[in-house]
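Structural description and commentary
Given next are the chains, with one letter for each unit.
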Amino acid sequence: PTMSDDLEAALAAERQRCAEKDRLLELLQERLGQLEDSIQRQADDSALGQHCIASLERKLARAQRGEGDGGEAEAEARLEEATRAVAAEQTERLEVERRLEELQEETAAKRRGDDDMQARLR
């Protein structure tokens, strides 16, 4: 092999390495986009959960005041149902917030990895 052959082989190897890094970078950027979409959906779910909680709390307050058509037993049943619904919605909201934090941390880690990859490519 001549020096020209060695240089061509080195050039081909470097092009291959760069192409692999480019593919990896594209995959990381795609995954980052998916994570960002997931975070947005989780945030939207959390906002909807907050709205549901507020609605259930209003119903609970009305039930506690005894508003409605039924007697005391029916009001008590509505109160228990509303209390359970509020508790369930709050539990779900906390789980959504926990997952949202996990996704945000994962996205931040992916961004750091993406930044590191771009810095290495420079």
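The preceding data block contains the structure.
Since the model is a prediction, treat every value here as computed from it, not as a measurement.

**Some details on the overall build of the protein**
Scanning the protein from terminus to terminus reveals two helices and zero strands. Overall size of the protein, expressed as C-alpha extent along the three principal axes, is 100 × 15 × 15 Å. By residue count, 21% of the 122 residues in the protein fall in the buried class. The contacts of the protein with a sequence gap of at least 6 include a subset with a gap of at least 24, amounting to 81%. For the protein, the exposed area adds up to about 8800 Å²; of that, 50% sits on carbon and sulfur atoms. In the protein, 20 side chains carry a positive charge and 31 a negative one; their mean positions are 2 Å apart.

**Overview of the nonpolar core**
Membership of the largest hydrophobic core is limited to six residues, which are Leu-56, Leu-60, Ala-63, Leu-79, Ala-82 and Val-86. Sorting the residues of this core by element identifies α1 (3-65) and α2 (72-121) as the ones contributing at least two each. Apart from the residues lying within four places of it in its own chain, the contact partners of Leu-60 are Leu-79, Ala-82, Thr-83 and Val-86.

**Here we look at the pattern of salt bridges**
All told, the structure shown has seven salt bridges when counted by the stated rule. The shortest N-O distance in the salt bridge between Arg-93 and Glu-97 comes to 2.7 Å. One end of the pair, Arg-93, and the other, Glu-97, are both in helix α2, four residues apart, so they sit about a helical turn from each other. The class of Glu-97 is partly exposed, set by a relative accessible area of 26%. Glu-102 is paired through a salt bridge with Arg-98; the nearest N and O atoms lie 2.0 Å apart. With Glu-102 and Arg-98 both in helix α2, this residue pair falls four residues apart, about one helical turn. Exposure remark for Glu-102: the relative accessible area of 32% places this residue in the partly exposed category.

**Re the side chain of Gln-42**
Looking at where Gln-42 falls in the secondary structure, it is placed in helix α1. Residues contacting Gln-42, with those up to four places away along its chain left out, are Val-96, Arg-99, Leu-100 and Leu-103.

**Some remarks on the environment of Glu-76**
Checked against the element boundaries, Glu-76 lands in helix α2. Spatially, the C-alpha atoms of Glu-76 and Leu-28 are 54 Å apart, while their sequence positions differ by 48 residues.

Cut-offs used in this document
Residues numbered from 1 in each chain as written. Predicted model: local features only at pLDDT ≥ 70, side-chain atom pairs only at ≥ 80, totals over all residues. Heavy atoms only, no water. Helix = DSSP H or I, 4+ residues; strand = E, 2+ residues; numbered from the N terminus. Buried < 20%, exposed > 50% of the residue type's maximum accessible area, 1.4 Å probe, protein only. Contact = heavy atoms within 4.5 Å. Areas by Shrake-Rupley, 256 points an atom, 1.4 Å probe, with all protein chains shown as cover. Lys, Arg positive; Asp, Glu negative; His and termini not counted. Charge placed at Lys NZ, Arg CZ, Asp CG, Glu CD. Core = buried A, V, L, I, M, F, W, Y, C linked by side-chain atoms within 4.5 Å. Salt bridge = Lys/Arg side-chain N within 4 Å of Asp/Glu carboxyl O.

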